[in-house]
Structure formats: structure tokens, C-alpha cells
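# Structural description and commentary
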Amino acid sequence: MFKKILIANRGEIAVRVIRACHEMGITAVAVYSDVDRASLHVRKADEAYPIGPAAASESYLNIARILDVAKQSGAEAIHPGYGFLSENARFARACADAGVKFIGPTAAAMNAMGSKTKARQAMERAGVPFVPGTAQGLESLAQAEEVAARIGYPIMLKAAAGGGGKGMRLVDSAQELKSAFDAARSEAERAFGDNEVYIEKAIVDPRHIEMQVLADEHGHTVYLGERECSLQRRHQKVVEESPSPIVDADMRRRMGETAVRVAQAAGYTNAGTVEFLVDQQKNFYFLEMNTRLQVEHPVTELVTGLDLVHLQIRIAAGEPLPFSQQNIAIRGHAIECRIYAEDPDNNFFPSPGKITLLLLPSGPGIRRDSGMYEGWTVPMDYDPLLAKLIGYGTDRDQAISRLTRALSEYFVGGIKTNISLFRRILRHPDFRAAKIDTGFLDRLLKQKDDAAPGATKDPQAEEVAVIAAGMFAMLGPAAAGAGERTGDGAANTRAASNWKAAARGEALR
Ligand code: MV4
């Protein structure tokens, strides 16, 4: 087993991996850019090394610098987290060449899944269902017209080098195909330096359901259940849950076995995720494979009782999986909210700045994976994900009620966050009835924010909240009449509840 691991990442995922290292008695080495010197992952690590200025290209994406730190610190392995270098085959190969274990798949497995057409060809060989269309890039407009006529409109043109919604075009009729085809190719060339475009039957109002897989280096591959990730805004996931409300045991087995075949076809090892599009008739189609640990891994951990980061580290250290497929059971329901430093009242623009006050939820069934602390200044240089709030319950309704209660305890002062958005989502009847597809959030955001029930019309509410928050920050809880700082204490006084009610824009009691 490793004695020292370098975490080549920042924010909440770096804190998450450091915690796993400490639970396993492994020394954690952090790296940080100039703006992250005071960040939480640096504080929690055993050792921390500067790797450059704020720009990711000169710090968290700086392969040479990160490998220097691995050498200097004596780290035997590197955990890449997600984003940054986590799916960079060059980095995985550079680690191998430097004799440092990359905690993830091999460069070859990454490359097998990196090109969408290569992945589709691998799926064709493995007998994995993928959306009707071409597995190779289109040679000409004539070929595009012929395939589109065969599979029927609407169709989707996609860049082979694209992913995550980039380089994708919906075409509703033959008349639009020529201009769309030309535009898709030039856009792909500009964005990815590769103008290869392929065609798929467009799935109308699809769900995005993904299957977690885990493979050791001894040929054992298992699936750990699915995650419903349809609540997205501009291809950024906002709420994820496990299990999916529409997947029954038989569908889970079929999707899981398909995902295992995908992983085996790619020679995959460590933790990975196979993404599917699911149509209204519950047919599922391979979309792409993510060769990294995902942001939303906690919902899988909660319903399986497994620690995916522990398992990643054990697999990378050469250990065989400590269980087989029949040992894996899904129990309960988990829902994750991604807390972003974004202003929902200003088109979700990032809202960096100093966190002046932090009231934290806790209590039964609540998990927080966070990279922030009171007094920390959120930098503007990176993805604005601050924390993930996960609610777990015996069933979906209990998970929703716990998460709703936890959100009412969550307050981040000094910056804007999207916490209010989750209150809207969780109380929406379609969400509660699990009538969700990838268009749900866009539809909800187009609706006027039906004011919270009983929302105060008192124009001074905002003013009262600001004054009380100021008093709270300067004079401490007693002065502002608040009770427990974590907001879950029974000691809250009436003044505090009014203050909090005002801050939440609710009727003053
Ligand atoms: C599709 C699709 C409909 N039909 N492909 C978006 C990102 C990338 N993962 C693939 N995506 C889609 N591919 C076909 N043939 C609809 C989407 C899509 C989507 C998929 C999953 C989650 C959110 C989405 C939002 C818009 C479009």
C-alpha cells in the first residue's frame, strides 16, 4: 500500500481524497496555485507545495511541475480528482514513465474512450446498444443525407472529438441538413482541431442515466448501480440522485451488465462511469464513458455503503476487489445538490468573494463534501463549485424531506450561491413525482419564480436580514438573537427565527 499520495486537484474533491488518505493512514500531499494558498485542501494536507500562478494552464494542468512535486515529496501515487488532468492520457503516461502510480485507468483505456467514434466502434464490437446512426465520421453531405433519411429526423450531428454537449447540433429536417453539416464541421475544427462529425437519431427529451463501474487489475469488473443525472443546466449537472426513479431491478441488471461490457471492451481499470441516454420507452443507449471519478460519486457511496476513493486507492495499489457482483446491494435513496458560487438572480454568473458567514446543515442523513470555510475568499479563477450537499433516506421522499430541511439550515454570507434554486427544485411537483428529463431545469428556469409560499411582502425584510447578518458577524450569535451557529440547535430564539425567515424571504413570524 502507498505511504504517500499527491492529490493533483483543488477544492472539495481534493479535501475528499485527503480525507480518504487519512482514513487509510496515508500521508496526503497537496499542490496549490498562488490564489489557493489559504484554501481548505492545503490546510488539511500533511504537506503542501506551490505549483504556480492562478491560471490552471500554469498550475493544476502543469504536468511537469506536478511530477516534480511527486518526486520532491516522495509521493508514490497521484490522485487526479475530476476535471484538470483526470482524463488526460498524456498525464497518465507521464506518471507511468516517472514511476508514479496514476490512480485511474491506463492511458490506453483513456484513449479508447476519448474519441466518440472510436468508442462507438468499440461498442459495436462489444454488442453494446448505441443510438442508431453512424459509428464512423461522415465522409460527405451526401452520406449524411442518406443516413438521415434512413434513421429519420430529427437527427443529431456530433463532433467525434466533442463531448459534454460541445459540438452537437439538432437537425429537424432535410432542408436544414446542409447548413448544419457545414457548421458542425467548422465548429468541430475550431473547437477541437478535428472536424470529424458523425450522426445519431435524436432522442427526444432523453434522460441521462449513468452507471458506476469499478474494475481491479486482475480482470474483475462490477457495476455499483446507476445515477439519474438529468437535472442539468447548459450541460452542467445540478442535482444527481441514486437510484434512478425509473430504473427497476431488471433494467439495472441489463444496464449494469452493458456497462461492464463497455469497461471490459476498453480494458478499463479503476473507477469509471458509462453514460446512457434513455428514451421515453426506457430504451437505453451508450453515450460516452467518463474515465475518472465523478463529482456525483457520493450518491453511489451512500446507497451502496462503499467508499469509492478507498477502493480506487486499493485498486491502484494492486489489490483485488474485496467483493463480487452479488455482494453489491442498493439500499435507500440519495440526492445531491451542487452548491455553486453563482447568482441565480443574475443568470448564474459566478459570485466570487469572501465568505463572511457560514451556517452549516447537519443531522440525520446529511453529508457535506465541501471545500469552503468561513473567512475564505472564493477565487474567480476556477469552476465555482463550493460544496455538495447530499441527503440520504430510506426512500426518495425521505431523502427529499431531509435535503429540504438541510437547505433551510444552509446559509453562506458574503457571496451569492444557488442554494435557493434547490428549494425551488425540491418542492416542484414534477420533481417530487420524478417526472424529470434533461429539459426539466430549462423549463423550470423559464417559469417566473413562483414566490415561496407565504413569502414576505415586507420591503424591509432584506434590510433586516443584512443588518442582522452584520450584527451576527461582528457581535456573535447572542447579539443577533441566533441560537446554534449550525442552525440545527433548539436554542434558536424568536429573533433568530425572524432573522432567518427574513433572510430566506419568508413571512416574519
Ligand atoms: C443526445 C441527445 C439526444 N439525442 N444525443 C448532451 C451532452 C452529451 N453528453 C450528449 N448530449 C445529448 N446527446 C442524441 N442522439 C441529447 C443530449 C442532451 C443531453 C444529454 C444528457 C444530459 C443532458 C442533455 C442536455 C441536452 C442534450
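See the structure shown above.
Residues numbered from 1 in each chain as written. Predicted model: local features only at pLDDT ≥ 70, side-chain atom pairs only at ≥ 80, totals over all residues. Heavy atoms only, no water.

## A word on the site of the ligand
- For the ligand, the set of nearby residues contains 19 residues, the closest of which are Lys 158, Gly 165, Glu 200, Lys 201 and Ile 203.
- In the environment of the ligand, a nitrogen atom lies 2.8 Å from a nitrogen or oxygen atom belonging to the side chain of Glu 200.
- Contact between the ligand and Ile 203: a nitrogen atom at 2.8 Å from a main-chain N or O atom of the residue.
- Protein chains bury 89% of the 510 Å² of accessible surface belonging to the ligand in isolation.
- When residues of the shell around the ligand are traced back to their parent elements, those giving at least two are β6 (155–163), β8 (197–201), β12 (270–278) and β13 (284–290).
- Of the residues in the shell around the ligand, the class split is 8 nonpolar, 6 polar and 5 charged.
- Three or more residues apiece are contributed to the shell around the ligand by two domains, here domain 2 (132–201) and domain 3 (207–459). (Near = heavy atom within 4 Å. Polar contact = N/O pair within 3.5 Å; in protein donor to acceptor, adjacent residues only side chain to side chain. Areas by Shrake-Rupley, 256 points an atom, 1.4 Å probe, with all protein chains shown as cover. Helix = DSSP H or I, 4+ residues; strand = E, 2+ residues; numbered from the N terminus. Nonpolar A, V, L, I, M, F, W, Y, C, P; charged D, E, K, R; others polar. Domains from an automatic or database assignment.)

## Some remarks on the pattern of salt bridges
- According to the stated counting rule, one finds 28 salt bridges in the structure shown.
- A network of salt bridges, in which partner residues are shared, links Glu 210, Arg 227, Lys 237, Glu 240, Glu 296 and Arg 338. (Salt bridge = Lys/Arg side-chain N within 4 Å of Asp/Glu carboxyl O.)

## Structural notes on unusual backbone geometry
- That bond from Tyr 153 to Pro 154 is cis: its omega, 0°, falls within 30 degrees of zero.
- The residue Pro 154 is located in the loop between α7 (141–151) and β6 in this model.
- In this structure, the amide linkage connecting Ser 242 to the following residue, Pro 243, adopts the cis form with an omega of -5°.
- Within the fold, Pro 243 resides in the loop between β11 (236–242) and α9 (249–265).
- Phi is positive for Phe 84, which is not a glycine, with a value near 40°.

## Notes on the nonpolar core
- Ranked by internal contacts, the top residues of the largest apolar core, which has 38 residues, are Met 372, Leu 389, Ile 425 and Phe 431.
- Where this core is concerned, the elements lending two or more residues are β11, β14 (333–340), β21 (385–393), α12 (396–409), α13 (419–427) and α15 (440–446).
- Among the nonpolar cores identified, the runner-up in size contains 35 residues, and Ala 30, Ile 103, Val 309 and Ala 316 belong to it. (Core = buried A, V, L, I, M, F, W, Y, C linked by side-chain atoms within 4.5 Å. Buried < 20%, exposed > 50% of the residue type's maximum accessible area, 1.4 Å probe, protein only.)

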